[in-house]
Amino acid sequence: MRLPALIQRRTLFRNVVLLLLLGFVAACAGPVRQPGVPSALTDQATVLGVPNARFWADTQGPELVQEAERALARERTVGKGAAGDRLSAANYLALSGGSDNGAFGAGVLVGWTDSGTRPTFKLVTGISTGALIAPFAFLGPAYDAQLRSLYTGIGPEDVYRRRSLLRAVFSDALADTDPLFTLISRYANADMLTAIAREYDKGRLLLIGTTNLDVQRPVIWNIGAIAASGRPGALDLFHKILLASASIPGAFPPVLIDVEAGRRRYQEMHVDGGAVAQTFLIPPQVGMVMRMQGKFIPRERHAYVIRNARLDPEWASVDRRLLSITGRAINTMIYYSGYNDVARIYFTSRRDGIDFNLAYIGADFTVERKESFDQAYMRALFDYAYQQSRHGYPWRKAPPILAEPDGSENLNPSP
């Protein structure tokens, strides 16, 4: 073979390989998104044109107080009580994150119904798996059958699909959550949204937490206001909020939410609210604002916190490998973050004169999880919580870390 012909053939081969590589890289390019909201316009961004659809948990204490006042006015109107009448007791429920451990919270609620002592909640909040439970808890015992089914009848295939390592590297997560979105859409349907709107009109509040990753800030979504708005797209937004609150960064894809600011359209990137907090009830600054403004309402108040996790460390022999060490460290940070959230809610409740009650997975639950969303594990955990709650759940009046040295609870620790 003559040299020029060989050079031409090699050049052609090199060009073909180059084109194939370019095509491969283009095919594996990361997913695109619309521009994020410019920093200067962050606080102006609105969703569906509903001004009270959501609040910044870190700065909008006064706005949250105003929303609470409007809810109180609606409650009084429905109750036909005069402004000076003493209001009935208000019960608040906070549901934490915890992935498949949400079966615990579901079991507590269904067992609570069957005990005959479950109250109606004035306020329900949820993050991550707690966000998925929250609408059912908010709407009451009529939705217990669906809640039970959701946490005892699903497996991993109903929540996520694993991506190949190559695809994951060039994508936004290790798995996609199309199955979870389908599951959310089936349960959180138009009838549920209509029912939430009715309860919002009675002065009740359903709040879901997500994290705006663009600005690293916690967002509290006012689901009742969204439901009552009647805006086209409200149901789709509801689905996206629930999915976003459960979207663990890196494991599950973030959720992009369309917003408007400065008469232009943008997209915000939202992920699991647990990136900021595992549980929330009333942002601490709300109580301070109400105290400063003299707006505390004389009524009996009870806070119930369901921690969908243990409050004792889980032992493991960690392999001396990068992924094992990193994963264990992240789990440890999440564990202590959740514990700190419980302590914060406890001290805030004491400061604001709210009776505190805590439920969590005890050390006596020893069933092993074989995989994420292991159906046998979830059913066992649901039954564990259900049996305790059906016979009168032993609510803790303080986090275990505040117990006396002999193990008894210190009911009056210094704040």
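In short, a report on the structure.

Each value, and the rule that gives it
Residues numbered from 1 in each chain as written. Predicted model: local features only at pLDDT ≥ 70, side-chain atom pairs only at ≥ 80, totals over all residues. Heavy atoms only, no water. Helix = DSSP H or I, 4+ residues; strand = E, 2+ residues; numbered from the N terminus. Buried < 20%, exposed > 50% of the residue type's maximum accessible area, 1.4 Å probe, protein only. Contact = heavy atoms within 4.5 Å. Areas by Shrake-Rupley, 256 points an atom, 1.4 Å probe, with all protein chains shown as cover. Pairing = 2+ DSSP bridges. Polar contact = N/O pair within 3.5 Å; in protein donor to acceptor, adjacent residues only side chain to side chain. Core = buried A, V, L, I, M, F, W, Y, C linked by side-chain atoms within 4.5 Å. Right-handed = clockwise from strand over helix to strand, strands pointing away. Patch = residues over 30% accessible without salt bridge, like charges linked within 9 Å, V, L, I, M, F, W, Y side chains within 5 Å. Salt bridge = Lys/Arg side-chain N within 4 Å of Asp/Glu carboxyl O.

**Re the overall build of the protein**
Phase 1: Along the backbone of the protein there are 13 helices and 11 strands.
Phase 2: For the protein, with 415 residues in total, the buried portion stands at 49%.
Phase 3: Across the protein, the fraction of contacts at a sequence separation of at least 24, relative to all contacts at a separation of at least 6, is 77%.
Phase 4: Within the structure as shown, the protein displays about 20,900 Å² of accessible surface, and the carbon and sulfur contribution to it stands at 56%.

**Let's talk about the pairing of strand β8 (residues 255–261)**
Phase 1: Burial along β8 is one-sided: the face carrying Val 255, Ile 257, Val 259 and Ala 261 is buried and the face carrying Leu 256, Asp 258 and Glu 260 is not.
Phase 2: As judged from the 7 bridges shared by β8 and strand β9 (residues 264–272), these two strands associate in the antiparallel manner. Across the sheet, Val 259 pairs through a bridge with Tyr 266, a residue of β9.

**Structural notes on the side chain of Arg 118**
Phase 1: Within the secondary structure layout, Arg 118 lies in the loop between α3 (102–115) and β3 (123–127).
Phase 2: In this structure Arg 118 comes out as buried when scored by relative accessible area, which is 14%.
Phase 3: Engagement of the side chain of Arg 118 in a polar contact is seen with the backbone oxygen of Leu 109, the distance being 3.3 Å.
Phase 4: A polar contact of 2.8 Å, which involves the side chain of Arg 118, links it to the side chain of Thr 113.
Phase 5: With near-sequence residues (within four places) excluded, Arg 118 lies in contact with Leu 109, Trp 112, Thr 113, Phe 136, Ala 137, Gly 140, Pro 141 and Asp 144.

**Describing the nonpolar core**
Phase 1: By size, the foremost hydrophobic cluster in this structure holds 79 residues, and its most contacted members are Phe 104, Leu 109 and Trp 221.
Phase 2: Counting residues per element, this core draws most heavily on helix α4 (residues 129–139), which supplies 8 residues.
Phase 3: In this structure, Leu 109 is in contact with Leu 93, Leu 95, Arg 118, Phe 121, Ile 133, Ala 137, Asp 144, Leu 147 and Ile 306, ignoring residues within four places of it in sequence.
Phase 4: Listed in part, the 33 residues of the second largest apolar core include Ala 90, Leu 311, Tyr 335 and Tyr 346.

**Regarding the pairing of β3**
Phase 1: The buried count for β3 comes to 5 of 5 residues, which makes it a mostly enclosed element.
Phase 2: Residues Leu 123, Thr 125 and Ile 127 point to one face of β3 and Val 124 and Gly 126 to the other, with burial holding for every one of them.
Phase 3: In this fold, the crossover linking strand β2 (residues 90–95) to β3 by way of α3 has right-handed handedness.
Phase 4: Sheet topology note: the β3/strand β6 (residues 205–212) ladder contains 5 bridges and is parallel. Across the sheet, residue Leu 123 finds its bridge partner in β6, namely Leu 205.

**As for unusual backbone geometry**
Phase 1: Positive phi is not limited to glycine here, since Leu 48 has a value of about 55°.
Phase 2: As for its placement among the helices and strands, Leu 48 is situated in the loop between α1 (3–27) and β1 (54–56).
Phase 3: Phi is positive for Gln 216, close to 55°, though the residue is something other than glycine.
Phase 4: Structurally, Gln 216 can be placed in the loop between β6 and β7 (217–222).
Phase 5: Gln 216 sits in the exposed class, given a relative accessible area of 70%.

**Quick word on a nonpolar patch on the surface**
Phase 1: Together, Leu 165, Leu 166, Val 169 and Phe 170 give the surface a local cluster of nonpolar side chains, amounting to about 400 Å² of exposed area.
Phase 2: Inspection of the secondary structure puts Val 169 in helix α6 (residues 165–169).
Phase 3: Residue Val 169 is classed as exposed on the basis of its relative accessible area, which comes to 57%.

**With respect to the environment of Ala 73**
Phase 1: Locating Ala 73 in the fold gives a position in helix α2 (residues 61–79).
Phase 2: Between the alpha carbons of Ala 73 and Asp 201 there is a distance of 10.0 Å; along the sequence they are 128 residues apart.

**Structural notes on the side chain of Glu 67**
Phase 1: Tracing the backbone shows Glu 67 in helix α2.
Phase 2: Looking at Glu 67, its side chain comes within polar contact range of the side chain of Asn 52, at 3.1 Å.
Phase 3: If we ignore the near neighbours within four places in the chain, the residues touching Glu 67 are Asn 52, Phe 55, Arg 74, Tyr 200, Leu 205 and Asn 222.

**Notes on the pattern of salt bridges**
Phase 1: Overall, the coordinates contain 19 salt bridges when judged by the stated rule.
Phase 2: Of the charged contacts, one joins Asp 172 and Arg 163 as a salt bridge, the two residues approaching to 2.9 Å between their closest N and O atoms.
Phase 3: Residue classification places Asp 172 among the partly exposed residues on the basis of a relative accessible area of 30%.
Phase 4: Judged by relative accessible area, which is 14%, Arg 163 ranks as buried.
Phase 5: It is possible to trace a salt-bridge network through shared partners that takes in Asp 43, Asp 58 and Arg 217.

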